[in-house]
Amino acid sequence: MEDFTTLKLLDKVRFLFIKMGVDYPVMRQILQVKLLMDERKVPTFYNQSAAKKEDQKYGYIKSLWIYVLIGLILIPFMAFGENYLFQMSITYAIFIFMIMTTLISEFSSVLLDVRDRSILSTKPISDKTVNAAKFMHILIYLTYLTIAITAVPLIVALFKQGILFFVLTVFEIILINIFVVVLTAILYIAILRFFDGERLKDLINYVQIGLSLILMIGYQFLARSFELVNVDIVMEFHWWSMFLIPMWFAAPYELLLSGDQSLLTIGFSILSIVIPLISIWLYIKLIPTFERNLQKLLSTSKSKKEKSNRLKEFLLRKICATSEERAFYRFAALMMKQEREFKLKVYPSLGFAFIIPFIFMFNGVRIENVDYSSSMGYMFIYSSMLIIPAAVLMIGHSAKYKAAWIYKIFPMKDFTDLKKGSLKAFLVKLYIPLYAVLSIVFCLIYGVRIIPDLLAVLVASFLYTVICYIFHDSQIPFTKPSNEINDDQGWKNLLLMIPLGLIAGAHYFMTVKIAYGTIIYLLLLIIINFSVWKTVFRRTG
């Protein structure tokens, strides 16, 4: 079995564990097995890409480069200026957010691991040894993550701010890591106390989605963060400031580097040390309760039967012509709602599709003044369609693809209704709600004059969905493994930006060059849509 470098370093301080009553040889063996198993685990970041199997060994270590890039955001706040209270409050707010979301996303399987209980509980191993192995398992990876996020900013700060700033920051980061681990564990304890394990799994999944979204748009804030460095900002303490956790850890900089010896500065500095120490004590006391509540993860809650709704049934009959198509629509909608693999890969793109039109729009505002009463900036809403290629591709894949054998016993010769119903389920359940919210916001910005344009974009999205479906080889939904999404299919998604650009360009040309061009374009799209959907989904038998 591979002997890891981290375990060799841990051997140097084995006397500390022995003094605490931990069976160090057993703890080391448990850690060795856990680290070996982790090599087979694909991190959340790799779940968003088509990483090859041979590249997934040490996948977590290799994925740290994205955190290094995100950590560059901290450089202007840590290395430039002397407004320590403001700068370090922002720094630690970003750092705490990144550490906590990553802890929930990547390390929940460690904190909430119940799979090894059936093995270890039958052996003469003390709870103290098992908990020490769990804690060290988290600490090893949290150390990697912390170094990735803060290494470059700390090196720059060492030369710009001095050795005292550097040492103080390292000390504060250690305290923050302790505090965040315990805070996350207490959050889990509270959730498991009042809810079942299925609710907690959903929470973890949504945090993974949020983390993926933050990683995708984080680069947008990198360049803008430098604009805050030279701004003169005066921050004052108020009574409610005691609830702002990042300010606790920013206060010691004012005390030691700026000489601010006010009562609140001293009080907050004390909190930055005392609260993490108290949190460790509290966590130790709550460990028995935590371990008992973890048993809820072994149980699953009964799914509530969805109540019938006459309006929904009426609309469904209008959307889907046949009973078979309606059945497959419901099946696909349920798969998109419940399958975690699909949600983890598609839902972050939903958030990205919502944000990117505003990124384009506000970048244009930064360059020149815009008259929203006559501007055509609403055309950026076409960028929300960037989700469609990836989602249509994912509809053909599933983590439970082996269950597709059931298709073979269906009394049907083709799967036209299945394919058609699945695409409609994606549009109705995922894309149209996103597009509706975007349309409302754009109407508030540009006025109701753009409603015909928005309708044209919506109809264009239906046509673009079929184009993506054809381009991705018309796969039968949910029949292929999720890990079979390769680089070739990724290139297809890039190529699919060409028809999207052509559709948006045609809309722009018709609107600018032809009187009532938007209305004409909308009518043409409706006719083309009807023809294309009918031709592509023609029954073969």
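Predicted model only: the values in this text are computed from it and were never measured. For every chain, the first residue of its written sequence is number 1, and the numbers climb from 1 along that sequence. Two thresholds apply to this predicted model, a pLDDT of at least 70 for residue-level local features and 80 or more for giving and counting side-chain atom pairs, whereas whole-chain, interface and lining totals are computed over all residues. Only hydrogens and water are set aside; all other atoms, that is, all heavy atoms of the structure, feed into the side-chain values.

Would you take a moment to explain the packing of aromatic side chains for this structure?
For any pair of aromatic rings, the description consists of the separation of the ring centres together with the inter-plane angle of the planes. In this analysis, rings of Phe, Tyr and Trp, with Trp reduced to its six-membered ring, are considered paired at centre separations within 6.5 Å, and the interplanar angle assigns stacked below 30 degrees, edge-to-face beyond 60, and tilted for intermediate values. The full count for this structure, using the stated rule, is 13 aromatic pairs. Ring centres of Tyr431 and Tyr435 lie 5.9 Å apart, and the angle between their planes is 25°; on these two criteria the pair is classed as stacked. With Tyr431 and Tyr435 both in helix 20 (residues 416–446), this residue pair falls 4 residues apart, about one helical turn. Residue Tyr431 shares its accessibility class with Tyr435, and that shared class is buried. The rings of Tyr92, Phe165, Phe179, Trp248, Phe249 and Tyr253 are connected pair by pair, giving a single aromatic cluster. Strands are runs of DSSP state E lasting at least two residues, helices are runs of H or I lasting at least four, and both sets are numbered from the N terminus onward. Note on exposure labels: buried denotes an accessible area under 20% of the residue type's maximum, exposed denotes more than 50%, and partly exposed covers the range between, all computed with a 1.4 Å probe on protein chains only.

What's the story with the pattern of salt bridges in this structure? I'm lost.
Two side chains with opposite charge may pair up if their charged atoms get near one another. When a carboxyl oxygen of Asp or Glu is within 4 Å of a side-chain nitrogen of Lys or Arg, the pair counts as a salt bridge. By the definition in use, this model includes 3 salt bridges. Here Arg330 and Glu313 are joined by a salt bridge, their closest N and O atoms 3.1 Å apart. Placement of Arg330 in helix 17 (residues 323–338) and of Glu313 in helix 16 (residues 310–319) is noted, with a sequence separation of 17 residues between them. Residue Glu313 is classed as partly exposed on the basis of its relative accessible area, which comes to 31%. Across the salt bridge formed by Lys424 and Glu325, the nearest N and O atoms sit 2.7 Å from each other.

Teacher, can you tell me more about the packing of helix 19 (residues 387–395) against helix 21 (residues 451–471) here?
In a pair of packed helices, the angle between the axes and the distance between the axes together describe the arrangement. Here the axes come from fitting lines to C-alpha atoms, over the contacting stretch only for helices, and the angles between their N-to-C directions go from 0 to 180 degrees. It is at 9 Å that the axes of helix 19 and helix 21 come closest, and there the two elements cross at 50°. By the angle between their axes, helix 19 is oblique relative to helix 21. Crossing of helix 19 over helix 21 shows right-handed handedness. Across the interface between the two elements, Ile388, Pro389 and Val392 from helix 19 touch Ser461, Tyr464, Thr465, Cys468 and Tyr469 from helix 21. Of the residues assigned to the contact of helix 19 with helix 21, the class counts are 6 nonpolar, 2 polar and no charged. Orientation categories follow fixed angle ranges, with anything under 35 degrees roughly parallel, anything over 145 roughly antiparallel, 65 to 115 roughly perpendicular, and all other angles oblique. Crossings are assigned a handedness: left-handed for a near helix turned anticlockwise from the far helix by less than a right angle, right-handed for a clockwise turn. Residues are treated as being in contact if the distance between any of their heavy atoms lies within 4.5 Å. Three categories are distinguished: nonpolar for Ala, Val, Leu, Ile, Met, Phe, Trp, Tyr, Cys and Pro, charged for Asp, Glu, Lys and Arg, and polar for the others, with Gly belonging to the last.

Before we go on, may I ask you to explain a nonpolar patch on the surface in this structure?
There is a patch of nonpolar side chains on the surface, built from Phe171, Ile266, Ile270, Ile273, Val274, Leu277, Ile278, Ile280, Trp281, Leu282 and Ile284 and spanning about 950 Å² of accessible area. With 10 residues, the single largest contributor to the nonpolar patch is helix 15 (residues 263–293). Here Leu282 shows up in helix 15. Since its relative accessible area comes to 33%, Leu282 is described here as partly exposed. Patch definition: residues above 30% relative accessible area lacking any salt bridge, with like charges linked at up to 9 Å and the nonpolar side chains Val, Leu, Ile, Met, Phe, Trp and Tyr linked at up to 5 Å. Reported accessibility uses the Shrake-Rupley method at a 1.4 Å probe radius. Residues are deemed covered only where the shown protein chains occlude them.

So what exactly am I meant to see when it comes to the nonpolar core here?
For the purposes of this section, nonpolar cores are sets of buried Ala, Val, Leu, Ile, Met, Phe, Trp, Tyr and Cys residues that join through side-chain atoms within 4.5 Å. Membership of the largest hydrophobic core comes to 64 residues, with the highest contact counts inside it found for Tyr382, Met385, Ile388, Phe426, Tyr431 and Phe442. Sorting elements by how many residues they give to this core places helix 20 first, with 13 residues. Not counting chain neighbours up to four residues away, the residues in contact with Met385 comprise Tyr431, Val457, Ala460, Ser461, Tyr464 and Leu500.

Would you explain helix 23 (residues 497–513) in this entry?
Two residues of an α-helix separated by three or four positions point the same way, owing to the 3.6 residues in each turn. The end-to-end C-alpha distance of helix 23 is 24 Å, a good match for the 24 Å that 17 residues give at a rise of 1.5 Å each. Three or more residues of helix 23 are buried, namely Pro499, Leu500, Ile503, Ala504, His507 and Met510. Buried residues of helix 23, seen end-on, are gathered within an arc of 135° and therefore sit on one face of the element. Facing away from the buried side of helix 23 by more than 90 degrees, the exposed set consists of Ile498, Leu502 and Lys513. Multiply 1.5 Å by the residue count of a helix minus one, and that product is the helix's expected span. In this description, one arc is meant: the one made by directions from the helix axis to the C-beta atoms.

Would you mind showing me how to read the environment of Val22 here?
Mapped onto the elements, Val22 comes out in the loop between helix 2 (14–19) and helix 3 (24–38). Under the relative-accessibility criterion, Val22 is labelled buried at 8%. The sequence separation of Val22 and Ile125 amounts to 103 residues, and the corresponding C-alpha distance is 9.7 Å. Apart from residues no more than four positions distant in its own chain, Val22 is found in contact with Phe17, Met27, Lys128, Thr129 and Ala132.

For this particular structure, what's the right way to read the packing of helix 19 against helix 20?
At a minimum axis separation of 11 Å, helix 19 and helix 20 run at an interaxial angle of 130°. Of the possible angle classes, the one that applies to helix 19 and helix 20 is oblique. Remark: the crossing between helix 19 and helix 20 carries right-handed chirality. Contacts between helix 19 and helix 20 pair Ile387, Ile388, Ala391, Val392 and Ile395 from the former with Ser422, Leu423, Phe426 and Tyr431 from the latter. Tallied by class, the residues present in the contact of helix 19 with helix 20 amount to 8 nonpolar, 1 polar and no charged.

Help me out: how do you make sense of the side chain of Thr6 in this one?
Along the chain, the position of Thr6 falls in helix 1 (residues 5–11). Thr6 sits in the buried class, given a relative accessible area of 18%. Leaving out residues up to four positions away in the same chain, Thr6 has contacts with Leu35, Ile140 and Tyr144.

Please clarify how the environment of Thr265 should be interpreted in this entry.
Among the structural elements, Thr265 can be located in helix 15. Thr265 sits in the buried class, given a relative accessible area of 0%. Between the C-alpha atom of Thr265 and that of Pro252, which follows or precedes it by 13 residues, the distance is 7.2 Å.

Which parts of the structure should I look at to understand the environment of Phe362?
You can see Phe362 is positioned in helix 18 (residues 340–367). Exposure remark for Phe362: the relative accessible area of 45% places this residue in the partly exposed category. Considered as a pair, Phe362 and Gly377 are 15 residues apart in the sequence and their alpha carbons are 9.6 Å apart.

How should the side chain of Gln87 be read in this particular structure?
Turning to its location among the elements, Gln87 is positioned in helix 8 (residues 84–111). Every residue in contact with Gln87, bar those within four places of it in the chain, is listed here: Pro76, Phe77, Phe80, Gly81 and Glu82.

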